[in-house]
Amino acid sequence: MLERLIDQRTSHLTGLLLPLADRNLILPNVAVAELIDYQPAAFDLDTPPWYLGRVPWRNRQIPLLSFESACGSKIIIGERARIVILNALGGRPELKFIAMLVQGIPRSYKLDSQLSYVDVPLCSLEKAAVQVGDQVARVPDLLALEELLVEAGLV
């Protein structure tokens, strides 16, 4: 997804590096609608461990998830925790946005079509790993995140 967007925009794209507890994600900045302060969300005990409930945003209730937990790691809510509101890409009328827990403020990076891929283990929600500056960043599969919510009946 990221590589295709870069190719469509001549050869440059602004990406956002999202800091998580155990990894960094890289997304085109157009995938992110807004960054908001962390707020605990109400959730049901019968939901998957990666689902953190719903958070209010612009008169909507947005499903909040932990990417790390969806990949099998522990949920960590650090003192710098924030929530990134992502634009949903699947075209489902009932799912326009997804909220994701991050551990700090995303940083902007200029990316070009010469991304250096890195060979590291990926979880099922990651499409690739690339070198961004001095860090390895993973490209999340946003459609798979949406599908995770749908399959769990949380949309």
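Worth saying up front: this structure is predicted, and the values here are computed from it rather than measured.

Cut-offs and rules
- Residues numbered from 1 in each chain as written.
- Predicted model: local features only at pLDDT ≥ 70, side-chain atom pairs only at ≥ 80, totals over all residues.
- Heavy atoms only, no water.
- pLDDT = per-residue confidence, 0-100.
- Helix = DSSP H or I, 4+ residues; strand = E, 2+ residues; numbered from the N terminus.
- Disulfide = S-S within 2.5 Å.
- Buried < 20%, exposed > 50% of the residue type's maximum accessible area, 1.4 Å probe, protein only.
- Salt bridge = Lys/Arg side-chain N within 4 Å of Asp/Glu carboxyl O.

(A) Region of interest: the confidence of the model for the protein. The pLDDT averaged across the protein works out to 90; a share of 93% of its residues lies at or above 70. Ranking the elements of the protein by mean pLDDT puts helix 1 (residues 2–8) last, at 52, and strand 6 (residues 82–87) first, at 98.

(B) Local environment of the state of the cysteines. All chains considered together, the criterion is met by one disulfide. Each disulfide pairs two cysteine sulfurs, and for C71 the partner residue is C123, the sulfurs being separated by 2.1 Å. One end of the pair, C71, is in the loop between helix 2 (67–70) and strand 6; the other, C123, is in the loop between strand 9 (116–117) and strand 10 (126–132), with 52 residues separating them in the sequence. In this structure C123 comes out as buried when scored by relative accessible area, which is 14%.

(C) Spatial organisation of the pattern of salt bridges. One pass over the structure, following the stated rule, counts six salt bridges. For E146, the salt bridge is made with R92, and the minimal N-O distance between the two is 3.4 Å. Residue E146 is located in helix 3 (residues 142–151), and its partner R92 is located in the loop between strand 6 and strand 7 (97–102); the two are separated by 54 residues in the primary sequence. Under the relative-accessibility criterion, E146 is labelled buried at 1%. Taking the shortest distance from any N to any O, the salt bridge between R92 and E147 comes out at 2.6 Å.

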